[in-house]
Amino acid sequence: MLQTEMVVNHDERVGRRVAVGIWHGTVRYVGSVPPAQGLWLGVEWDDPSRGKHNGSHNGVHYFHTSHPTSGSFIRIEKADFGRSCVSAIQERYGSNELTLTVEELQELQRAMNAPLVEMVGFEEVKQLQSCFSSLEIVCLSKLQVSSAGEGLPSMCPRARHVDLASNLLNSWLQLAEITVNFPAMQFLNISDNRLEIPDNPENLTSAFNQMTHLVSGHMNYTWDQICECSKMWPQLERLQVPFNKITNISLPMYALENLIELDLEGNSIAQWEEINKLGTLKKLETLNLCDLGLTNISIPASQNLFPSLQCLMISSNNISKWNDISELEKLPKLEELKFTNNPVQDNLSVETVYYKVVCRIGTLKVLNRKIVTREERRSAELEYLKECGREWLEVSNDEALKTKFVATHPRYPIIVKKYGAAEESELKKTNQSVASSLVRVTLQGPDKAVTMSLPKTMQIKNLLPLVAKMFNTGGAVPTLCRKSSKNAKIIVEMTSPLKTLDYYSVEDGDEISVRW
C-alpha cells in the first residue's frame, strides 16, 4: 500500500529560489529521499515541463506543487541560490574587462547619457562602466539576483529605471531590501519572479515611494493579490500585469486610485461585466485588454464609467458582434482603439473593418495606429447611413422599434441629423449590369464643366491623369472634391489615390470639383 504521510521540513533553504541552467524554481524540501543517499532538494519548477511529479516519491509525499508535474528532486550542488544585487551591477556595468556586447554598450551609453561609445577608447569605456553613481537605468534581468548585498545604498543613487525581471527573488520583503537603495526609482520590472506577499504590505511603502510604473508579468497573481500588493505602491500611475491568473475584478476603496495606465493582456476574463468594475478609476486613460477571451462589450450608460479613458486595446479576443463595438460610443473620451483579430472581423477587408468601427465611435481619432482623417470619417458615416438606411426608414414611425434600433446603433440618429436620412432611391438593390457599374458625374473646373460616365471601381490615381489632360492643368496635380446632388451638406475631399469612386459614395448626378 502507498504511504500518504507528508514529510515535515523546516530547513531555512525551503522557500528560496534556485536556478539550474535556464530553469527557475522554488525549493519546497531539503533532506534525504530514500533509498537514494545524500542530501536532496525538492524543487517546484516555474515551468511544469521541467518537472516529473507532484512532490511524491515511492509513495511518500515530500512537498506540494501547484501542477501535477512541476516537481522534481535535484542534488544540492547543482542548484544556484543566486547572488547579490551589488555583484550583478558590478558584473553588468563594472567589469575590468570589456565583456559587454555592442548592444549592451549602446544601452549603457543611453543609461548614463554619455557620448557615443564608438567615440571613446577602450580605457574610457571601462571607466564609463565603473561610474555606478551616474547610472539612471539599471538592467539586471536574468542575472540570478537574490539579495541586496553590502554597499548597495550608495551605489546607484540616480537610478530611475530598475529591471529585476527573471531573477531569484522570493518575497516582496526581499525585493524591498533591494529597491529601498534606489531612492530615485520610478520604473520597476519584476516579471517572472515568484514573490510571497507579506502580511502587512503597507509597511514596505518606503521601498517604493517614488515608483510610478510597475511591470509584473508572469507572476501567477490573482487580481485580489495585486490589490493587496498595491498597498506598497502609493504613487503608482502605470501598472502592467500581463499573463497572470486574473479571472475576475474587485476594486477595494482607494485601491489604485492614481492609475493612469493598466495592462491586463493575456489574463483570462471572458465577461465585460468584470471590466466595468474598473470604470470607477477616474484617472485611467489607457487600458490594454488584448487576449483575455472577452466575448462581449456592455457598458451601462447611466453609471458614467471610464470618464477619462482615451486609449483602449481589445485585439485577439472573441468579440463576434458589431453591436459590441457600438457600445464603445458610451466612452466619452475614447480617441484611440486597437482592434484586430476578433471573430467579427473574419472574412472582412481591412477597409471594411475600418469604416465599420469609425462610423460607430464618434470620438475616435486613431484606429489600429492609423489616424482617422475628417474625410475618412465622413466616408465611413455615409456608408453606415446607407447600410442601415432601410431599417431606419422602417422603424422611424414606431417608437418602440426605433428605441430598440438606437440601442443597437447609438450613433445612427446623430449621423442622420448630420447628413439627413438616406433616400429610398439610394437603398434599392443594385443589379450587376454594365450600366449599373457606371456613375454619371459632372467634372466642374474653374472655367468649364464636363459631364461623363465613369466606372464606380475607378481609382482616384487613374482619374487624376484624365482630369489633368481634360482641364490642361499644365503639369499640376489636380485636387478633387465630391459634392452630393442630393444633400448639399455632403462635401468630401477625394485625397486617397488608391480609393475608388464607389468608396467615396459617388452617385449619379454628383459634381466633382476640380482645382489645381
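Here the structure is a predicted model, which is why all the values come from computation and not from measurement.

Criteria and thresholds
- Going along each chain's sequence as written, the residues are numbered from 1 onward.
- A pLDDT threshold of at least 70 governs which residues receive local features in this predicted model, and a stricter bar of 80 or more applies before side-chain atom pairs are shown or counted, although totals over entire chains, interfaces and linings include all residues.
- Note: side-chain values were computed over all heavy atoms of the structure, leaving out hydrogens and water.
- Strands are runs of DSSP state E lasting at least two residues, helices are runs of H or I lasting at least four, and both sets are numbered from the N terminus onward.
- Only protein chains enter the accessibility calculation, which uses a 1.4 Å probe; a residue whose area is less than 20% of its type maximum is buried, one above 50% is exposed, and one in between is partly exposed.
- By the convention used here, residues are in contact when the closest approach between their heavy atoms is within 4.5 Å.
- All accessible-area figures derive from a Shrake-Rupley calculation using a 1.4 Å probe, and residue coverage is judged against the displayed protein chains alone.
- Should DSSP find at least two bridges between two strands, the strands are regarded as paired.
- Orientation is described by lines fitted to C-alpha atoms, with helices fitted over the stretch in contact, and by angles between N-to-C directions that extend from 0 to 180 degrees.
- If an angle is under 35 degrees, it is roughly parallel; if it is over 145, roughly antiparallel; if it lies from 65 to 115, roughly perpendicular; otherwise it is oblique.
- The nonpolar class holds Ala, Val, Leu, Ile, Met, Phe, Trp, Tyr, Cys and Pro. Asp, Glu, Lys and Arg form the charged class, and all remaining residues, Gly among them, are polar.

Q: A description of the overall build of the protein chain should follow, citing residues and the corresponding values.
A: From N to C terminus, the protein chain includes 14 helices and 24 strands. Evaluated residue by residue, the protein chain yields a buried proportion of 48% over its 516 residues. For the protein chain, long-range pairs separated by at least 24 residues make up 64% of all intrachain contacts whose partners lie at least 6 apart in sequence. Carbon together with sulfur atoms contributes 51% to the accessible area of the protein chain, which is approximately 25,600 Å² in total.

Q: Break down the environment of Asp-163 for me, with residues and values.
A: Mapped onto the fold, Asp-163 is located in strand β10 (residues 161-163). Using a relative accessible area of 13% as the deciding quantity, one classes Asp-163 as buried. Along the sequence, Asp-163 and Val-215 sit 52 residues apart, while their C-alpha atoms lie 9.1 Å from each other. Apart from the residues within four sequence positions on either side, Asp-163 is in contact with Val-138, Cys-139, Leu-140, Ser-141 and Asn-189.

Q: Account for the sheet that holds strand β19 (residues 370-371), with residues named and values stated.
A: With mixed pairing, the 11 strands of this open sheet are ordered in space as β8-β10-β11-β12-β13-β14-β15-β16-β17-β18-β19. Looking at strand neighbours, the two that pair on one side only are β8 (137-139) and β19, the edges of this open sheet. Across 2 bridges, the pairing between strand β18 (residues 366-367) and β19 is antiparallel. From the neighbouring strand, Leu-367 faces β19, where its bridge partner is Lys-370.

Q: Lay out the packing of helix α9 (residues 374-387) against helix α12 (residues 412-419) in plain terms, naming residues and giving numbers.
A: Running from amino to carboxyl end, α9 crosses α12 at an angle of 105°, the nearest separation of the two axes being 10 Å. Classified by the angle their axes make, α9 and α12 are roughly perpendicular. Here Arg-378, Glu-381, Leu-382, Tyr-384 and Leu-385 of α9 come into contact with α12, specifically with Tyr-412, Ile-415, Val-416, Lys-418 and Tyr-419. Tallied by class, the residues present in the contact of α9 with α12 amount to 7 nonpolar, no polar and 3 charged.

Q: Before we move on, could you go through the sheet that holds strand β3 (residues 40-45) and cite the residues and values that matter?
A: Overall, antiparallel pairing links the 4 strands, which are arranged β1-β2-β3-β6 in an open sheet. Two strands close off the open sheet at either side, each with one partner strand: β1 (17-20) and β6 (71-75). Sheet twist, expressed as the average angle between the axes of neighbouring strands with direction ignored, equals 45°. With 5 bridges connecting them, β3 and β6 associate as antiparallel partners. Within β6, the position partnered with Glu-44 by the bridge is Gly-71.

Q: Pulling in residues and values, what's your account of the side chain of Thr-65?
A: Mapped onto the elements of the fold, Thr-65 is located in the loop between β5 (60-61) and β6. Excluding residues that lie within four positions of it along the chain, Thr-65 makes contacts with Glu-44, His-53, Asn-54, Gly-55, Ser-70 and Gly-71.

Q: So what's going on with unusual backbone geometry? Residues and values would help.
A: Note the cis peptide between Pro-34 and Pro-35, where omega equals 5°. If you trace the backbone, Pro-35 turns up in the loop between β2 (23-31) and β3. Of note in this structure, Tyr-254 is not a glycine but carries a positive phi near 75°. Mapping Tyr-254 onto the fold places it in the loop between β13 (238-240) and β14 (261-263). Given a relative accessible area of 63%, Tyr-254 falls into the exposed group.

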